[in-house]
Every structure is written in C-alpha cells, then in structure tokens.
Amino acid sequence: MNKTILSTTGTPLNQQDNGTRGGYIALGMVGNKFAVFSLLNKQVQILGSSDLKEMNLKALFGALWCEQHYNEFDAKKEEVVFNHKRLATDILSACQAAGTYSETAERRVGVWKMNDGQLVVNGRQLWRADGTVLEHGIHEGQVYPVSGDVGFDLSTPMATREEVNKVLAAFNSPQWIHPMAGELVLGFLGMSLVSSALSRRPHVLMTGPAACGKSTVLGYVRLMLGRLAHPCSGPQNLAGLYQSIGGTSKAVINDEFEADSRSKSCKETFEIARMSYSMQEEDKGIVRGTSSGNSRSYRFCSPFIAAGISPGKMEPADLTRWVTLDAEGTPQGERLSDAEARELGPKLARLYLSRWNVFQASEDVVRDCILSLGGDGRMADTIGTLLASYWAFVSETPATEEDAKFLVNMLGIEERIAVHQVSDELQCLEALTSRVVPFKVVAGAALVTRHLSIAQAIEMVCADPTGQPELVMRLAQMGLRVAFAKGKWSLYVVNSPMHQELRKLFAGTKWATGGWSVVLRRLPGGEESTQRIGAGLGAAKVTVVDVPEHLLSAGNEDNMLLAA
C-alpha cells in the first residue's frame, strides 16, 4: 500500500510520490460538505457525501494518482481494487481537521495584491508583473484556482504613448460638459484592471440624450477590458450579480441604466455598488438569510460604469461614490473600431500593470492636493483614484505636487467639491440607517433571524406595516419607530443621549455621545415631538423626520391605509 500525505501547501510529507499528477489539498468544511483543492484540475471542489463515489473521485483527483495511492489487494475478490472509501474517509478527516472553509479565500480570474504590495494576475497562468510565473494553488493563505483567461499575459506588448493618446481621443469624442471627462474614463479603465487591489473603487455614470456617444464610450471600455468586464443592461439584482462576479475583480459595464429610486433592482444595484466601493477581502459584505436558516454573505469588489438617459436622483451615500459625466450634442473626433478596441485593451493592461508603483505614489500626491484645496476625504478617494489612474497611463514617473495641482485645477475642483459636499444631517442619517443588526423577521410561516441594515428594516415596515411585529418591537427597543401619519411615512428617533441602544448604533461616529436629535431635525419633516416609541414604553421626547423616498415601495397605498 502506497500513500502520499500532503501538507496544506500540497507538498508531499513523505517521499513515496513518483510524480504522478493528481491529489488534493483539504481546505475545510462548508456546512456538512467538504472543500478541497484538486491538484489535477487546479480548482476548488465542494463535495457532498454523494460525490465521494469511485469514478467521481478518479475524475477529480486523477485516475493514476488514485490507483497509485489507494489501490490495495482485496483478499475476498483476490484482486487489486481502488479503495475509494478509504480516500473518502481521508478527505473527510482532513477537511474536519482544517476547520471551516470560506470561499472568500478564493481569488479567481483577475488581478490581486500579494503581501509584498505587488500584483499577481490569475489567468491561464498565475504570474506577477515582474515576470515571475507561479503555479495555481495556495499562496500566502489565498487560493488561486484556474478560473478563466484575463486576455493578456507576459508576452503581451505594452501600449505605446501614441496608442494611449488614440484611446484618450476616442474617450473624448462625445461633447462632454465636464472638463477631463475622457481622462476620468481612461482612469476608470486602469482602476478596473486592479480593482481588487484597491481600498476604494469609484464608479462612473455617463448621461446625456440619445446618440450623444455615451454608449459608444461604454462599448470601448467593455471591449478593452475583455474578459475582465461583466456587461449587462439595466438595473441588476443581488443574486444575479453574485453569481456573475462574486469572487472576481470584473468591472460591471451597465448600459441602459435608468435610475428609479422606487425600483427594487435599482436599489440593489446601488447597494452593491456602494458596498463594492470600499469592500475589503476580510469584510463580510451583505449578509442575507437563506431558506435553510443559515446566513449567506455576498461580497463584491467590482467598479461600476453605467450609461443612461435619465440618471435619476442619487442618495447622498451614492452621490459621493459615483462620478457623473454629462454629454450633449453628437460625438465629434476620433472613433475606434471594435477590432481596434479589442487589440488595444490587452496592451493597455500590460502598460498599466507595469506602472502599478506609479499609480500608488501618484494617488497619495493627488489626494493630498484635493484635501488641501478644500475637498473632503470621500472626494479625495473618488476623484483622486481616477486622476492617479489616468496619470499612470501617461507618465512613467509618479505625479509631483505641481502635476497634481495642474490635474485638479483642470478638473474644475470647486464644482466637484460642491457636488461632493454632504451635510451633517445627511451624514447622520446615513450613519444611523446603514448600521447592520440582527432582526427577527417573518418569512412565510417561520420566524427567522436576518442581519439587516436599519434602512432595510424601515423599508420592510413601510412595505408591510402589520406583518413584522418582532421587527417593529426590536426597532422600538433601539429607540426608533416608523409610522404613517399626516399622509406620509415618518421616522421617530428618541432624543435622549443616554439611550444605550441608540448610542450603540451611532458608535464610531461623531454622534456617539449624543447630539443626533439637533442634527436630524434639519432634515425634511424634521421637528421635535413627544411620542410613545413602542407598546409598553412611556412617552419620550423624539425627533421626527420624513422617511427617505428611496425606502418607500412604489404603489404602497394599501399599506398606507393599513398603517393609518
């Protein structure tokens, strides 16, 4: 009997392996299933008990490897047989010993940052910009499975200065109202290539009348990103995007995006984009309950670029994460053919990856410049990232303070500061409504626990005022009440700075010790009142504000009657 024992890195712990390709690395348990990395096909396999059959194990881990390590003589049959039960037991034991496995450890197709701060590309090969080629597998605790082709590799030539200028001219072919719009789109293209390696991922929305050229520019970006793009049309939903881009660094290229604050899919698109803006690998993301009673985490690190005629009104939380570019008239100037865009994309990617250090150094300088001219931190993150990304395409050296000041002034910094300015009252409301806490909610005939933001809880009450009594009770415990009165939905917030649950909700903000009542009163409908927050609770001083429009379901007249 010949058996090779593998370490967590896939290295044989004994020396009996003769080089037969195959085997596995135990990653851990996923519920009652087993997660393993196949050394044959270099992919993560999630196996249930029904998958541990003879032919399936040979297909996953290699027929020759299975025979070499798990063939043994059966005295009853008087022949050598493959003992797949022993292999299945070894898989079970090794996965149980490895503990719980999270798919967040997987880095699929795309560009990622390693511990030394440099980039690694997971495509047909696993390679670094310095020319080092790695083997698909586990590196620095992260799993790099074979999962697709990025469309470029070490042999791809870098774009020349003339080719970069040609692309920039095509991006500037629409009659943009805002200065440097084409430069910001070029910056978005570069940022999209390395989005998973960034701490902030700004989004771009192009608007204008039909035939103004916005969809043409969007098409250029889609063709240039190639396999690193996820093209779609119209607002998307959470599950659909998760299945398409979860665990990847693909950019979402969204045409015909007509924002409607009452649309569920539009809300989810903005919610995903909002999370993608600053999602880090260790973050849990959006947590949702499942029919099995277990929670599921949705994580995204994708930048969004969208085009539409009617952008709609963005909420303050979205306004500072998106850069809106308006066009008018008909396109003028240079255009690219589809073939040219496809050919230039991989070359631009190779050039950008080679200048990763230029981008990083330029980003710090541009951010400091924006802050010194009166911009806030969010604006520096959003605009600064795009400008630094553009600079990496056009310069071999990092931006100096003079370069950064020139870029920022060309952009029209005063107007951008006005757009990104968010009042204290809106920041306070966002701090409150974005907090995620567990709630007991009615799902069919069952009462389940789900992690919801305060905004989602408010939305559920507005949609079904009498169907979620446990949720309403929990809101009351936190010093909050949602009610329909005087022909509109209102949110009641207890004024007392000694309310411990509210202090927890505002923890980590400048309202952690109180003061939220004075600030919130500046919002539409804001006033002070004395109200009972919930059944069995005494009257208290409260601040009343209108529930934001984007939390109200369309056509909820029946619910209003019930609430009244």
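Residues numbered from 1 in each chain as written. Predicted model: local features only at pLDDT ≥ 70, side-chain atom pairs only at ≥ 80, totals over all residues. Heavy atoms only, no water.

1. Observations concerning unusual backbone geometry
Right, on to step 1. Backbone geometry places Lys42, a non-glycine residue, at a positive phi of 60°.
Right, on to step 2. Topologically, Lys42 is positioned in the loop between strand E2 (33–38) and strand E3 (44–47).
Right, on to step 3. Unlike most non-glycine residues, Glu78 shows phi in positive territory, near 55°.
Right, on to step 4. Relative to the elements of secondary structure, Glu78 occurs in the loop between strand E4 (71–74) and strand E5 (79–82). (Helix = DSSP H or I, 4+ residues; strand = E, 2+ residues; numbered from the N terminus.)

2. A closer look at the sheet that holds strand E23 (residues 488–494)
Right, on to step 1. In spatial order, the strands read E22-E23-E25-E24; together these four strands make up an open sheet with antiparallel pairing. Single-partner strands in this sheet number two, and they are strand E22 (480–485) and strand E24 (527–532). Strand-to-strand twist across the sheet, computed as the mean angle between neighbouring axes with direction ignored, equals 40°. (Pairing = 2+ DSSP bridges. Axes fitted to C-alpha atoms, helices over the stretch in contact; angles between N-to-C directions.)

3. A short note on the pattern of salt bridges
Right, on to step 1. What the rule picks out here adds up to 21 salt bridges.
Right, on to step 2. Lys58 serves as the salt-bridge partner of Glu54, at 4.0 Å between the closest nitrogen and oxygen. Within this pair, Glu54 and its partner Lys58 are both found in helix H1 (residues 54–61), separated by four residues, close to a single helical turn.
Right, on to step 3. When its relative accessible area of 16% is taken as the criterion, Lys58 is described as buried.
Right, on to step 4. It is possible to trace a salt-bridge network through shared partners that takes in Arg124, Asp149, Asp153 and Arg227. (Salt bridge = Lys/Arg side-chain N within 4 Å of Asp/Glu carboxyl O. Buried < 20%, exposed > 50% of the residue type's maximum accessible area, 1.4 Å probe, protein only.)

4. Overview of the pairing of strand E21 (residues 446–453)
Consecutive residues of a regular strand have side chains that alternate between opposite faces of the sheet.
Right, on to step 1. Where strand E20 (residues 436–443) lies against E21, eight bridges are found, and the strand directions are antiparallel. Of the residues in E21, the one forming a bridge with Lys440 is Thr449.
Right, on to step 2. From the end of E20 to the start of E21, which pair antiparallel, there are two residues, and Gly444 there has a positive phi angle of about 70°.

5. What about the packing of aromatic side chains?
Right, on to step 1. Applying the stated rule across the entire model yields 13 aromatic pairs.
Right, on to step 2. Each ring, one from Trp65 and one from Tyr70, has its centre 5.8 Å from the other, and the planes form 50°; the classification is tilted.
Right, on to step 3. Classification of Trp65 as buried rests on a relative accessible area of 3%.
Right, on to step 4. Pairing Tyr352 with Phe393 gives two aromatic rings, centres 5.0 Å apart and planes at 45°, and the pair type is tilted. Of this pair, Tyr352 sits in helix H10 (residues 338–354) while Phe393 sits in helix H12 (residues 377–394), and the two are 41 residues apart along the sequence. By the burial criterion, Tyr352 is buried, and Phe393 matches it.
Right, on to step 5. A network of ring pairs unites the aromatic residues Tyr24, Phe61, Trp65 and Tyr70 as a single cluster.
Right, on to step 6. One Lys or Arg, Arg481, reaches over the ring of Tyr492 and ends 5.1 Å from the middle of that ring. (Phe/Tyr/Trp six-rings, centres within 6.5 Å; stacked < 30°, edge-to-face > 60°. Lys NZ or Arg CZ within 6 Å of the ring centre and 35° of its normal.)

6. Some words on the nonpolar core
Within soluble globular proteins, side chains that are nonpolar tend to cluster in buried spots.
Right, on to step 1. Ranked by internal contacts, the top residues of the largest apolar core, which has 75 residues, are Phe171 and Met206.
Right, on to step 2. Looking at which element gives the most residues to this core, the answer is H12, with 10 residues.
Right, on to step 3. The contact partners of Met206, leaving out residues within four places of it in the chain, are Trp176, Val185, Lys214, Val217, Leu218, Ile305, Ala306, Ala307, Gly308 and Leu325.
Right, on to step 4. Val437, Ala457, Val494 and Val544 belong to the second largest nonpolar core, which has 43 residues in total. (Core = buried A, V, L, I, M, F, W, Y, C linked by side-chain atoms within 4.5 Å. Contact = heavy atoms within 4.5 Å.)

7. Notes on the side chain of Ser276
Right, on to step 1. On the secondary structure map, Ser276 appears in helix H8 (residues 264–278).
Right, on to step 2. On the accessibility criterion, Ser276 (0% relative accessible area) is buried.
Right, on to step 3. Ser276 has contacts with Arg201, His203, Phe300, Cys301, Ser302 and Phe304, leaving out every residue within four places of it along the chain.

8. Quick notes on the pairing of E2
Right, on to step 1. E2 sits mainly inside the fold: five of its six residues count as buried.
Right, on to step 2. Note that strand E1 (residues 24–30) and E2 share six bridges and pair antiparallel. Bridge pairing in E2 places Val30 opposite Lys33.
Right, on to step 3. Counting the residues that bridge the hairpin from E1 to E2 gives two residues, and of these Gly31 lies at a positive phi of roughly 65°.
Right, on to step 4. With four bridges connecting them, E2 and E3 associate as antiparallel partners. When the bridges of E3 are listed, Phe34 appears paired with Leu47.

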